[in-house]
Amino acid sequence: MTKHYNDHVTIADRALDFVQTVTGAVPVAAPTLVTQGTDCRHLASVLVRFTASQASALNCRVEVIPWLWGQTRTGVGAVAALGWTSLPPILVDCLVGGPLGQVFEVNCEAGDRIYLQMTATNAALVSGNAELFAGLYRVEIQPVKIHGLAAEVAAAMEQGKTPDFVQVAAVTNGIDNTYDYYVSRKVGDLSTGFQFVLANGSGNVTATIAATMQDDGTAPAGCVYQDVTVAITGATPVAAPGGTYFNANLLAVARYIRVRVVANTGGANDGDWNIQYRSA
């Protein structure tokens, strides 16, 4: 039987055969061959993990353009033909002292292969790696046992949907500053969980949560947010040592969530913050 998606619990289980590297000086080109990218025919979506080098002296932004290989049409009534089609770009902020890795989702239901083209805003980026992982599967076989019988007698067809997990931030000895981290919400997710592990160091590290319903194509950083820290955590701001918070419906209609961390250690730069997000 096919291994069920819920059993894919490790990164190794979900990793696809695709790793792309970009630097500030050398952008990655658009695909030209069908052999580029990786097979995504069995997937409805993929997860992209972008990991940036922190050796840079300047902040940088990377534009990631997903490309899909499949049947395309160039106009109304046009005949479908195989070819590469670009999806809207995704902007990834690479901040000095910020998280090494960021994760986002790409819908690939219309494609047979997926490829990532990347361009950095300046040469400040020493290197960045984009890796693909299996996200949502289109259709899966789920073994079913009836009345406790040992034999697996039926196959239940279901859409593979698992909770969405994001490592929002994992910073040790962070430089004093204000950091904004953005989480893209999945349609249909209701329950939300946050876990904050904060260490003050020589001063204090605090965090707040804000949400927006804005979904007009504006980049997450440009949307208008409302603070929901008290509604979710009962306190504002979240202070060290942090805590774990769950909410059933408050963020159900949110498009993006912004987690803002303020580190103020008097220049010691020895505060830590580890923040995780999960929804279902």
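Criteria and thresholds
- Residues numbered from 1 in each chain as written.
- Predicted model: local features only at pLDDT ≥ 70, side-chain atom pairs only at ≥ 80, totals over all residues.
- Heavy atoms only, no water.
- Pairing = 2+ DSSP bridges.
- Helix = DSSP H or I, 4+ residues; strand = E, 2+ residues; numbered from the N terminus.
- Axes fitted to C-alpha atoms, helices over the stretch in contact; angles between N-to-C directions.
- Salt bridge = Lys/Arg side-chain N within 4 Å of Asp/Glu carboxyl O.
- Buried < 20%, exposed > 50% of the residue type's maximum accessible area, 1.4 Å probe, protein only.
- Phe/Tyr/Trp six-rings, centres within 6.5 Å; stacked < 30°, edge-to-face > 60°.

Here 4 strands make up an open sheet; going across it, the order is S1-S9-S3-S7 and the pairing antiparallel. The sheet is open, and its two edges are formed by strand S1 (15-22) and strand S7 (101-107), each paired on a single side. Neighbouring strand axes in the sheet, compared pairwise and without regard to direction, differ in orientation by 20 degrees on average.

Sheet strands associate in pairs through backbone hydrogen bonding, adopting either a parallel or an antiparallel arrangement. Taken in spatial order, the 4 strands of this open sheet run S12-S20-S14-S18, and their pairing is antiparallel. Lying at the two open borders of the sheet, with one neighbouring strand each, are strand S12 (164-174) and strand S18 (242-247). Ignoring strand direction, the axes of neighbouring strands in this sheet form an average angle of 5 degrees. As judged from the 8 bridges shared by S12 and strand S20 (residues 271-279), these two strands associate in the antiparallel manner.

Next up on the list: the pattern of salt bridges. Taken as a whole and assessed by the stated rule, the structure comprises 5 salt bridges. Between Arg260 and Asp180 there is a salt bridge whose closest N-O contact spans 2.7 Å. Placement of the pair is Arg260 in strand S19 (residues 256-264) and Asp180 in strand S13 (residues 177-184), with a sequence separation of 80 residues. With a relative accessible area of 24%, Asp180 lands in the partly exposed category. Here Asp215 makes a salt bridge to Arg255, at a shortest N to O gap of 3.2 Å. Of the two residues, Asp215 sits in the loop between strand S15 (204-212) and strand S16 (226-227) while Arg255 sits in the loop between S18 and S19, which places them 40 residues apart along the sequence. Owing to a relative accessible area of 55%, Asp215 belongs among the exposed residues under this scheme.

A separate point is unusual backbone geometry. Cis geometry is adopted by the peptide bond preceding Pro237, which originates at Thr236 and carries an omega value of -5 degrees. A cis amide bond, omega 5 degrees, links Ala240 with the succeeding residue Pro241. When you line up the elements, Pro241 lands in the loop between strand S17 (238-239) and S18. Positive phi is not limited to glycine here, since Asn173 has a value of about 55 degrees. By the element assignment, Asn173 lies in strand S12. Even without being a glycine, Asn269 presents a positive backbone phi close to 55 degrees. Assessed through its relative accessible area of 27%, Asn269 is described here as partly exposed.

Counted according to the given criterion, the structure contains 8 aromatic pairs. Each ring, one from Trp84 and one from Tyr115, has its centre 6.2 Å from the other, and the planes form 65 degrees; the classification is edge-to-face. Here Tyr115 lies in strand S8 (residues 113-120) and Trp84 lies in strand S5 (residues 81-86), a separation of 31 residues in the sequence. Comparing Trp84 with Tyr115 shows no difference in burial state: the two are buried. Here the aromatic cluster, defined as three or more aromatic residues joined through ring pairs, consists of Phe18, Trp69, Trp84 and Tyr115.

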